[in-house]
Amino acid sequence: MKKTIVLVTGGSRGIGRSICMALAERGCTVLFTYLSNEAKAQELLEEINLLGKGGGYAYRCDMSRLPDVIDLSKRIRKDVSYLDAIVNNAGIVGDGKPFLFATDEHWWDVIHTNVGSVTNTCRVMLPMMISRKSGRIINITSLSGQKGNAGQSAYSASKAAVVTFSRSLAKEVGRFGITVNCISPGLIDTDMTRDISNEYVANRLVWSPLKRKGGADEVANLVTYMLCDAPSYIIGQELTIDGGLGVS
Ligand SMILES: NC(=O)c1ccc[n+]([C@@H]2O[C@H](COP(=O)([O-])OP(=O)(O)OC[C@H]3O[C@@H](n4cnc5c(N)ncnc54)[C@H](OP(=O)(O)O)[C@@H]3O)[C@@H](O)[C@H]2O)c1
């Protein structure tokens, strides 16, 4: 049976790592990128290959830099020729400073990383999908992009931008058999949220129905469903997975 080949950006840790493992367990060939954490990337690659299923490839690549992503696409074409699916997961949250205390440089760095890593990947990899008239793209956004969050103005703005970018792209590429959707997690237990104070987390969760952070594996389950099982009639949507945090 033909293996499904999936690229996951920012796969070495957190949600991306769980997505890579969940897809590998489903028998997909998993290609993932990372920025700097070589040790974590190699550890994950070994785990994927130990499963003895579709196997994996790890690539160091700064997804926010277009020339690096162009170079990545050349390596991918050489290694596997094509992609069935892309999960744009790489992202940074920023330093948590209120807007007026954040430096202009840092503010734009968050926007540039979170929006640029998605647009660069789509710009460079989409032609591979268009020529095959098939593909699924999932962009990882955030509840912060829907609600806004104090100390996260750049992060929230960047994720909201990715949602409207995704809807527009979905309208452009649907006729080529390509679906584009977003998955929007709430508060998930990863390195990104581990430094947040217990008091802040408790305040955020106090009105939520489940009163707990989500697991990266729960987000990974939804991504796997969207890539492997969901009808291709779901297009341009943002699916929220937040334990009810956003509705409370
Ligand atoms: N955790 C949450 O509560 C939460 C909630 C909503 C949305 N999200 C979103 O979910 C995604 C993953 O978050 P996470 O919590 O798993 O984050 P994380 O634990 O901090 O992991 C981030 C991953 O992205 C990679 N990365 C960062 N910048 C990159 C770049 N420029 N190029 C390539 N890779 C890059 C990191 O690589 P290295 O290991 O090499 O540094 C790492 O693998 C992000 O888009 C985030 O905004 C997270």
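As annotated in an unreviewed UniProt entry, the chain carries the name 3-oxoacyl-ACP reductase FabG and comes from Spirosoma terrae.

K.L.:
So, the overall build of the chain: which residues are in play, and what are the values?
P.N.:
A tally of regular secondary structure across the chain gives nine helices and seven strands. What you see for the chain is a C-alpha radius of gyration of 17 Å, in line with the 18 Å of a compact globule of 248 residues. Along the first, second and third principal axes, the C-alpha atoms of the chain reach 50 × 35 × 35 Å. Counting only residues that meet the buried cut, the chain has 50% of its 248 residues in that class. Long-range pairs, those at least 24 residues apart, make up 75% of the contacts in the chain between residues at least 6 apart in sequence. A total accessible area of about 12000 Å² is found for the chain, and carbon and sulfur atoms account for 54% of it. Across the chain, the centroid of the 28 positively charged side chains sits 7 Å from that of the 24 negatively charged ones.

K.L.:
Would you mind going over the site of the ligand in detail, with residue names and values included?
P.N.:
Around the ligand, the surrounding shell holds 30 residues, and the nearest of these are Ser12, Ser36, Asn89, Tyr155 and Thr190. A distance of 2.8 Å is found between an oxygen atom of the ligand and a side-chain nitrogen or oxygen belonging to arginine 13. Here an oxygen atom of the ligand sits 2.8 Å away from a polar atom, N or O, in the side chain of lysine 159. Relative to its unbound accessible area of 900 Å², the ligand is 95% covered by the protein chains. Residue assignment for the shell around the ligand shows that the elements contributing at least two residues are α1 (14–25), α6 (153–173) and α7 (191–194). With three residues, the top contributor of residues to the shell around the ligand is α7. For the shell around the ligand, a count of residues per class yields 12 nonpolar, 14 polar and four charged.

K.L.:
Give a description of helix α3 (residues 66–80) that names residues and reports values.
P.N.:
Here α3 contains 15 residues, and its C-alpha end-to-end distance of 21 Å stays within 8% of the 21 Å for a straight helix at 1.5 Å per residue. Burial in α3 covers these residues: Val69, Leu72, Ser73, Ile76 and Val80. In a view along the axis of α3, the buried residues occupy a sector of 105°, so they form one face of it. Residues of α3 that are exposed and angled more than 90 degrees away from the buried face: Pro67, Lys74 and Lys78. Those residues of α3 that are buried lie in contact with β1 (5–8), β2 (29–34), β3 (56–60) and α4 (104–132). Downstream of α3 by one or two residues, serine 81 has phi in the positive range, about 75°.

So, how was this worked out
Residues numbered from 1 in each chain as written. Predicted model: local features only at pLDDT ≥ 70, side-chain atom pairs only at ≥ 80, totals over all residues. Heavy atoms only, no water. Helix = DSSP H or I, 4+ residues; strand = E, 2+ residues; numbered from the N terminus. Rg over C-alpha atoms; globule rule 2.2 N^0.38 Å. Buried < 20%, exposed > 50% of the residue type's maximum accessible area, 1.4 Å probe, protein only. Contact = heavy atoms within 4.5 Å. Areas by Shrake-Rupley, 256 points an atom, 1.4 Å probe, with all protein chains shown as cover. Lys, Arg positive; Asp, Glu negative; His and termini not counted. Charge placed at Lys NZ, Arg CZ, Asp CG, Glu CD. Near = heavy atom within 4 Å. Polar contact = N/O pair within 3.5 Å; in protein donor to acceptor, adjacent residues only side chain to side chain. Nonpolar A, V, L, I, M, F, W, Y, C, P; charged D, E, K, R; others polar. Expected span 1.5 Å × (residues − 1). Arc of directions from axis to C-beta.

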